[in-house]
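# Coordinate analysis (summary)
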Amino acid sequence: MKTISTLLIATCLATPALAQDGGLYPEPSSPDASFLRVVDVDGSGARIGATEVAINEAGFTRYVEVQPGTVELDIANVASEFEVGANTHYTVIADGDETVLIEDAVEDSPAQADLLVYNLASIEAFDLYAVEAGVAAISDVAPGDHAGVALKAPLTLTFELRQGGETLASLDPMTLERGTGATVIVTGSAEDAQLHAANSTYTD
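Predicted model only: the values in this text are computed from it and were never measured.

Scoring rules and cut-offs
- By convention here, each chain's residues receive numbers from 1 onward along its written sequence.
- Note on the predicted model: pLDDT of at least 70 is required for a residue's local features to be given, and 80 or more for side-chain atom pairs to be given and counted; whole-chain, interface and lining totals, by contrast, use all residues.
- To get the side-chain values, take all heavy atoms of the structure and skip hydrogens and water.
- Helix and strand definitions here come from DSSP, where helices need a minimum of 4 consecutive H or I residues and strands a minimum of 2 consecutive E residues; each element is numbered from the N-terminal end.
- The criterion is simple. A nonpolar core is a set of buried Ala, Val, Leu, Ile, Met, Phe, Trp, Tyr and Cys residues joined through side-chain atoms within 4.5 Å.
- In this scheme, a residue with accessible area under 20% of its type's maximum is buried, one over 50% is exposed, and one in between is partly exposed, where area comes from a 1.4 Å probe on protein chains only.
- Here, two residues are considered to be in contact whenever any of their heavy atoms come within 4.5 Å of each other.
- Between any two strands, pairing holds if DSSP finds at least two bridges.
- Structural elements are reduced to axes, namely lines fitted to C-alpha atoms, with helices fitted over the stretch in contact, and the angle between N-to-C directions of any two is expressed from 0 to 180 degrees.
- Any Lys or Arg side-chain nitrogen located within 4 Å of an Asp or Glu carboxyl oxygen qualifies as a salt bridge.

### Brief notes about unusual backbone geometry
In this structure, P154 follows A153 across a cis peptide bond, with omega equal to 5°. The phi torsion at N87 lies on the positive side, around 55°, for a residue other than glycine. Examined against the element boundaries, N87 turns out to sit in the loop between β7 (78–84) and β8 (89–95). With a phi close to 55°, D140 is a non-glycine residue in the positive phi region. Residue position: D140 is located in the loop between β12 (135–139) and β13 (146–152).

Structure representation (structure tokens):
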């Protein structure tokens, strides 16, 4: 896996940070709490512990605060449970009958924006290319895996999925604010690749 450096993209594109930027990562209710969400691009909702959450148009739920230990999930009426640690962001990827727990690469920095990419496609080699910077933000995420990078914010980027210099799919420009996260999901194959994206959010 290869990523651009925070410094490079910040130098090219970052504007001065604004004190009133919103959307900071929430303070957990207990010092060792973690956050967990579900990615299910074909689903409509899930239950994380006792909390019902909807799947957004990009294919994932809000993060739900959970305590370290066993967390029970219900995804499309299929029950499962996972062991989670403290002070960590997790995503459960539901792909057919299989569910996989991933520890998210979240920096949780008030001065940066986290960009997370999940490869649910059959594409093994690609660049998530930041057009304005002229560089790849994240590259070569294995199918079923994820990668992340923290970028100095605020900034606006247009991302394209590229393979061998060819653009397979693209997104509208995304504004990345300080202390927030954005999630990009790759689906399909090289012939019909799609990108889905939205800001990472949390339950109240």
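### Thoughts on the nonpolar core
One finds L115, F159, L161, V184 and L195 to be the most contacted residues of the largest nonpolar core, which totals 31 residues. Apart from residues lying up to four places away in sequence, V184 is in contact with L115, L116, V117, Y118, L128, L171, M174, L195, H196 and A197. Counting residues in each nonpolar core, the second largest holds 15 residues, with L36, V53, V71 and Y90 among its members.

### Topic: the sheet that holds strand β5 (residues 64–66)
Strands sit in the order β5-β2-β8-β9 across an open sheet of 4 strands; the sheet is mixed. If you trace the sheet from one side to the other, it starts and ends with β5 and β9 (98–103), each paired once. Here the strands of the sheet are splayed against their neighbours by 30° on average, with no regard to which way each runs. Here β8 runs beside β9; their pairing, made up of 6 bridges, is antiparallel. Residue pairing across strands places I93 opposite V100, the latter belonging to β9.

### Quick word on the pattern of salt bridges
One pass over the structure, following the stated rule, counts 1 salt bridge. For E160, the salt bridge goes to R162, with nearest N and O atoms at 2.9 Å. Among the residues examined, R162 registers a relative accessible area of 24% and is labelled partly exposed.

### As for the sheet that holds strand β3 (residues 45–48)
Pairing is antiparallel across the open sheet formed by 4 strands, whose spatial order is β4-β3-β6-β7. At either margin of the open sheet sits one strand with a lone partner, and together these are β4 (51–54) and β7. Adjacent strand axes in the sheet meet at a mean angle of 25°, parallel and antiparallel pairs treated alike. Bridge count for β3 against β4 is 4 bridges, and the pairing is antiparallel. What sits directly across from A46, in β4, is V53.

### Considering the pairing of β12
Where burial is concerned, most of β12 is hidden: 5 out of the 5 residues are buried. Bridge count for strand β11 (residues 127–130) against β12 is 4 bridges, and the pairing is antiparallel. Considered in β12, the bridge of L128 is made with I138. Joining the antiparallel neighbours β11 and β12 is a turn of 4 residues, in which G134 adopts a positive phi near 70°.

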